[in-house]
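One-letter residues, chain by chain:
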Amino acid sequence: MRRIVCVLFILLQAEVLSAQSEEVLQAARYLSGASSDEEADEFWISRLETLEGRKIRINAASVRSEGILSDYLTASLADYRSRSGDILSWEELALVDGFSQELVAVLKPFLSLESARLPGDTDTVRVRVNSLLRGTLTGLGGKVRGTGSWWRAGAAWRSSGWPFGRSGDGTFYAEATYRGHRLVLGDFNLRYGQGLAFWSGFSMPALSTVDAFVRRTTGLSPVWSFSSASVHRGAAYEYTSVHWRGYAFGTISGLFGGHADWLGRYGQTGVTLGWQKEVGWTVSADTRWNIRGTDLAAEIGFRNGSLGGLASFRRSFGVFKAAIQGRALPSRFSGKKNGEYALATGVSFQSEKWRSLEGVSGFGSSVPVHKASITMDAALLPIPGTNPRRLQVRFYAGWQWQFASAWSLDVRLTERYRNYEKPRTDLRADVKFSNGRWKAASRIEAVQCEAFGFLNYWEAGWAPTAASSGWSSFSAYLRLTGFVIDSWNDRIYVYERDAPGNFSVPAYSGRGAGISAVGSWKHRFSWCTLKAYLRTGWLVRIGRTPTPTLSLQCHLDL
C-alpha cells in the first residue's frame with residue numbers, strides 16, 4: 001500500500017519542492033547568531049522560506065519588515081528614500097545607514113528592488129494560494145495557505161500513522177491587517193525583548209558567536225507548521241503607529257497579556273505584562289538600541305515571585321567586533337530546577353581582504369578570506385537546597401577560510417567543563433566546494449566525553465541557480481555518513497537536508513553507516529508553480545534494526 005501511494009504521488013505530481021536552500025540556511029544562521037546549521041533557529045528558517053515566494057519590496061510605499069528588517073532599518077530606509085528617492089542597486093542599499101555589505105548579501109534573496117509605480121502608491125498584492133502534500137513511511141501531512149492584499153490564512157496537519165493515524169498534530173491561523181491594525185486568530189509565536197518574558201518557538205540558547213549576544217525581537221508572528229509544540233493558540237491584536245506599537249493576546253491555555261513598544265530612530269523600549277494560572281503575573285521591561293555601531297540590549301523581569309535580568313553590549317571596532325553579556329536568572333524565575341548566574345564575552349574578526357566566488361556574479365559574489373571568533377560563557381547553575389556550587393564553562397572557537405574561489409575550510413572547537421560531570425571536547429572541520437551548480441562538502445568531527453566519538457560524511461550535489469527553469473531547476477544531493485559513537489553522552493548532531501518546512505537535526509550514536517539522497521524539481525507555468533521534493537535514506541547501526549526513510553513532498557503555488 002505504501003509503495004503504491006508513493007508511486008501515485010510521483011505520477012500525479014510530476015514536479016515538487018526542494019531542500020532548504022543554502023541562502024535560507026545562511027540567512028537563518030546570521031539572524032539567529034548561530035555558528036552552524038545545527039544551531040540555526042527553526043523560526044527563522046520557516047520565516048525565510050515563506051519570503052522566498054513573496055519578497056520584501058524595500059521601495060514600497062510601506063515597507064513590510066516581516067520580522068527580518070528591524071524597526072531601525074525600516075526607519076532608515078524611509079529616511080533615505082525621502083531624501084534620495086528609490087534604491088536602485090544592492091550597492092546603494094549597502095550604503096544606507098544601518099545596512100552593510102554583509103547584511104545585504106545575506107538578505108538579498110529575500111528582498112526586491114522593484115520600485116513603486118507612483119509616489120505614495122499603495123502596494124497591490126494579488127491573491128496567492130500555496131498548497132503542500134507530504135507523504136512518508138510513517139504518516140501523511142498537508143498544508144494550505146492563502147494570501148491577499150489585507151489577509152492571510154493557513155492550516156497544516158500531519159498524522160502519526162499511515163495513511164491516516166489515530167493521532168497527529170498541526171497548526172492553523174487567520175490574519176487580517178488594515179491601516180496599522182492587525183488581528184491574528186489561531187496559532188502564533190510571541191517574541192519580545194531578549195526572551196525573559198515571552199519567547200516561544202524553538203531556538204538554541206548557545207552563545208557560540210558574537211552575533212548571538214543580542215537577540216532580534218520579532219513580536220507577533222503566525223505559525224504555519226506541522227508541530228504545535230511551544231506555540232500559542234488563541235487571539236492576538238497589534239497596532240502600529242509612527243512611534244508606538246502595542247499588542248494584546250489571549251490563549252486557550254489561559255495566558256493573557258500585552259506588550260507595548262516605543263519606537264525611536266535608533267532603538268526601542270518596551271513593557272510586557274502577562275498572566276497565567278500556573279505562573280501568575282509576568283512583568284518585564286526591555287530596551288534595545290543601535291548607536292553608531294554599538295548595540296545595547298537589556299531586559300529585567302518579574303515572574304514566580306522572583307526577579308531576573310539580562311544585559312548585553314556589542315561593539316564594532318573596524319575588522320573586530322566584541323560583545324559581553326551578564327545574566328541573573330534564579331530558579332524560581334526560570335521555572336527550572338537550577339538557577340543561572342553567568343557572564344559571557346566574545347570577539348570576532350573579519351579580514352579586509354575579500355575573494356571572488358567561483359560561478360557567482362553580481363553583488364554578493366565575494367566573501368572575506370578569513371573570519372574567526374572566540375566566545376566564552378561562565379555560569380553558576382545552583383540547585384537550591386541540593387547543589388549550590390554547580391559550575392559550567394563553555395568555550396567556542398571558530399575559523400572560516402576561503403582559501404580558493406571555490407573552496408573553503410571551516411574549523412570549530414567547542415569545550416564544555418562542568419564540575420558535576422565529565423568535560424566534553426568537540427572538534428569539527430568542514431571542507432566545502434561550490435562552483436556554480438556543483439556543490440560538495442565533507443565533515444570530520446571527533447568528540448571526547450564519556451568515551452571517544454567520531455563521525456565523517458561526504459556529500460555531493462547539483463543545485464540550480466536563481467535563473468534556472470524547467471529541467472535546469474532540478475537539484476540533487478547524495479550523502480554518505482559513517483560514525484563510531486559508543487556513548488549517548490558523546491552523541492553528535494548533524495543537519496540533514498530535507499524539504500522546506502521540515503528542519504531536521506538528528507543525533508548520531510552507536511556504530512554504523514548511512515546513505516541519504518534528496519532531490520527536487522521546480523517548474524513555473526504561466527498561472528502556477530509546481531515543486532517537488534523526494535528524500536530517501538538508509539541508516540544501519542550494529543545491533544539495531546536498520547532505519548529506512550522515504551518522503552515525498554509536493555507544492556502547488558497559484
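The coordinates are above.
All figures in this text were calculated on a predicted structure; none of them were measured in a lab.

**A short note on empty space enclosed by the protein**
Here is step 1 of the chain: Throughout the structure, instances matching the rule amount to 2 cavities of 30 Å³ or more.
Here is step 2 of the chain: Estimated volume of the largest cavity: approximately 50 Å³.
Here is step 3 of the chain: Forming the boundary of the largest cavity are Glu459, Tyr477, Leu478, Arg479, Glu496, Arg497, Ser516, Ala517, Val518 and Arg535.
Here is step 4 of the chain: Listing elements by their share of the lining of the largest cavity, those giving two or more residues are β26 (475-485) and β29 (510-524).
Here is step 5 of the chain: Grouping the amino acids of the lining of the largest cavity by side-chain chemistry returns 4 nonpolar, 1 polar and 5 charged.
Here is step 6 of the chain: Considering only enclosed or pocket space, the second largest cavity measures out at about 40 Å³ in volume.
Here is step 7 of the chain: What lines the second largest cavity is Gly193, Gln194, Thr217, Gln268, Asp286, Thr287 and Arg288.
Here is step 8 of the chain: For the lining of the second largest cavity, the leading source of residues is strand β13 (residues 280-291), giving 3 residues.
Here is step 9 of the chain: Here the lining of the second largest cavity is composed, by residue class, of no nonpolar, 5 polar and 2 charged.

**Things to note about the packing of aromatic side chains**
Here is step 1 of the chain: Taken as a whole and judged by the stated rule, the model has 12 aromatic pairs.
Here is step 2 of the chain: For the pair Phe198 and Phe249, a centre-to-centre distance of 5.5 Å together with 80° between the ring planes defines the contact as edge-to-face. Residue Phe198 is found in the loop between β7 (181-191) and β8 (219-222), and its partner Phe249 is found in strand β10 (residues 244-251); the two are separated by 51 residues along the sequence. Accessibility assignment for this pair places Phe198 and Phe249 in one class, buried.
Here is step 3 of the chain: Of the aromatic side chains, those joined through ring pairs into one cluster are Tyr192, Phe198, Tyr247 and Phe249.

**Some thoughts on the pairing of strand β3 (residues 128-136)**
Here is step 1 of the chain: Taken together, the 9 bridges between β3 and strand β4 (residues 139-147) define a ladder with antiparallel strand orientation. What sits directly across from Arg134, in β4, is Gly141.
Here is step 2 of the chain: The antiparallel pairing of β3 with β4 creates a hairpin that spans 2 residues between the two strands.
Here is step 3 of the chain: Bridge count for β3 against strand β31 (residues 547-557) is 7 bridges, and the pairing is antiparallel. When the sheet's bridge partners are listed, Leu133 is paired in β31 with Cys554.

**So, a nonpolar patch on the surface**
Here is step 1 of the chain: On the surface, Phe256, Leu273, Trp275, Trp281, Val283, Ile300, Phe302 and Leu307 cluster together into a nonpolar patch covering about 790 Å² of accessible area.
Here is step 2 of the chain: Mapped by element, the contributors of at least two residues to the nonpolar patch are β12 (267-276), β13 and β14 (294-303).
Here is step 3 of the chain: Along the chain, Phe302 falls in strand β14.
Here is step 4 of the chain: In this structure Phe302 comes out as partly exposed when scored by relative accessible area, which is 35%.

**A few points about helix α4 (residues 71-84)**
Here is step 1 of the chain: Under the 1.5 Å per step criterion, the end-to-end length of α4 is 20 Å for 14 residues, consistent within 8% with the ideal 20 Å.
Here is step 2 of the chain: Buried within α4 we find Asp71, Tyr72, Leu73, Ser76, Leu77, Tyr80 and Arg81.
Here is step 3 of the chain: Where α4 terminates, the next one or two residues include Gly85, which has phi positive at roughly 85°.

**With respect to the packing of helix α2 (residues 22-32) against helix α3 (residues 42-51)**
Here is step 1 of the chain: At a minimum axis distance of 9 Å, the contact between α2 and α3 shows a crossing angle of 130°. One finds that α2 runs oblique with respect to α3. In the crossing of α2 with α3, the sense of the turn from one axis to the other is right-handed. Here Val24, Leu25, Ala27, Ala28, Leu31 and Ser32 of α2 lie close against α3, whose contacting residues are Trp44, Ile45, Leu48 and Glu49.

**Digging into the pairing of β12**
Here is step 1 of the chain: Strand direction decides the pairing type here: strand β11 (residues 256-263) and β12, joined by 8 bridges, are antiparallel. For Phe256, the partnering residue across the bridge sits in β12 and is Trp275.
Here is step 2 of the chain: The turn joining β11 and β12, which pair antiparallel and follow one another in sequence, is formed by 3 residues.
Here is step 3 of the chain: Bridge count between β12 and β13: 10 bridges; the pairing is antiparallel. Bridge pairing links Thr269 to Thr287 in β13.
Here is step 4 of the chain: The turn joining β12 and β13, which pair antiparallel and follow one another in sequence, is formed by 3 residues.

**A closer look at α3**
Here is step 1 of the chain: Burial within α3 is extensive, with 7 of its 10 residues counted as buried.
Here is step 2 of the chain: Three or more residues of α3 are buried, namely Phe43, Trp44, Ile45, Arg47, Leu48, Glu49 and Leu51.
Here is step 3 of the chain: Lining the buried residues of α3 we find α2, β1 (56-59), β7 and β8.
Here is step 4 of the chain: Near the N-terminus of α3, the side chain that reaches the backbone nitrogen of Phe43, with its oxygen 2.9 Å away, is that of Asp41.

**Some remarks on the side chain of Asp490**
Here is step 1 of the chain: For Asp490, the position within the fold is in the loop between β26 and β27 (492-493).
Here is step 2 of the chain: Buried charge without a salt bridge: Asp490, with Arg424 as the nearest opposite-charge side chain at an N-O distance of 4.7 Å.
Here is step 3 of the chain: Every residue in contact with Asp490, bar those within four places of it in the chain, is listed here: Arg424, Val447, Cys449, Glu450, Ala451, Phe452 and Ile485.

**Thoughts on the environment of Val319**
Here is step 1 of the chain: Looking at the secondary structure, you find Val319 in the loop between β15 (306-317) and β16 (320-329).
Here is step 2 of the chain: You can call Val319 partly exposed: its relative accessible area is 23%.
Here is step 3 of the chain: Taking the C-alpha atoms as reference, Val319 lies 5.3 Å from Gln350; in sequence the two are 31 residues apart.
Here is step 4 of the chain: Setting aside chain neighbours within four positions, we find Val319 in contact with Ser348, Phe349, Gln350 and Glu352.

Conventions used here
- Residues numbered from 1 in each chain as written.
- Predicted model: local features only at pLDDT ≥ 70, side-chain atom pairs only at ≥ 80, totals over all residues.
- Heavy atoms only, no water.
- 1 Å grid on protein atoms, 1.4 Å probe; cavity = no way out; pocket = protein on both sides within 12 Å on 5 of 7 lines; lining within 4 Å.
- Points joined across faces, edges and corners; volume = space filled by probe spheres on them.
- Helix = DSSP H or I, 4+ residues; strand = E, 2+ residues; numbered from the N terminus.
- Nonpolar A, V, L, I, M, F, W, Y, C, P; charged D, E, K, R; others polar.
- Phe/Tyr/Trp six-rings, centres within 6.5 Å; stacked < 30°, edge-to-face > 60°.
- Buried < 20%, exposed > 50% of the residue type's maximum accessible area, 1.4 Å probe, protein only.
- Pairing = 2+ DSSP bridges.
- Patch = residues over 30% accessible without salt bridge, like charges linked within 9 Å, V, L, I, M, F, W, Y side chains within 5 Å.
- Areas by Shrake-Rupley, 256 points an atom, 1.4 Å probe, with all protein chains shown as cover.
- Salt bridge = Lys/Arg side-chain N within 4 Å of Asp/Glu carboxyl O.
- Expected span 1.5 Å × (residues − 1).
- Axes fitted to C-alpha atoms, helices over the stretch in contact; angles between N-to-C directions.
- Parallel < 35°, antiparallel > 145°, perpendicular 65-115°, else oblique.
- Left-handed = near helix turned anticlockwise from the far one by under 90°.
- Contact = heavy atoms within 4.5 Å.
- Polar contact = N/O pair within 3.5 Å; in protein donor to acceptor, adjacent residues only side chain to side chain.
- Lys, Arg positive; Asp, Glu negative; His and termini not counted.

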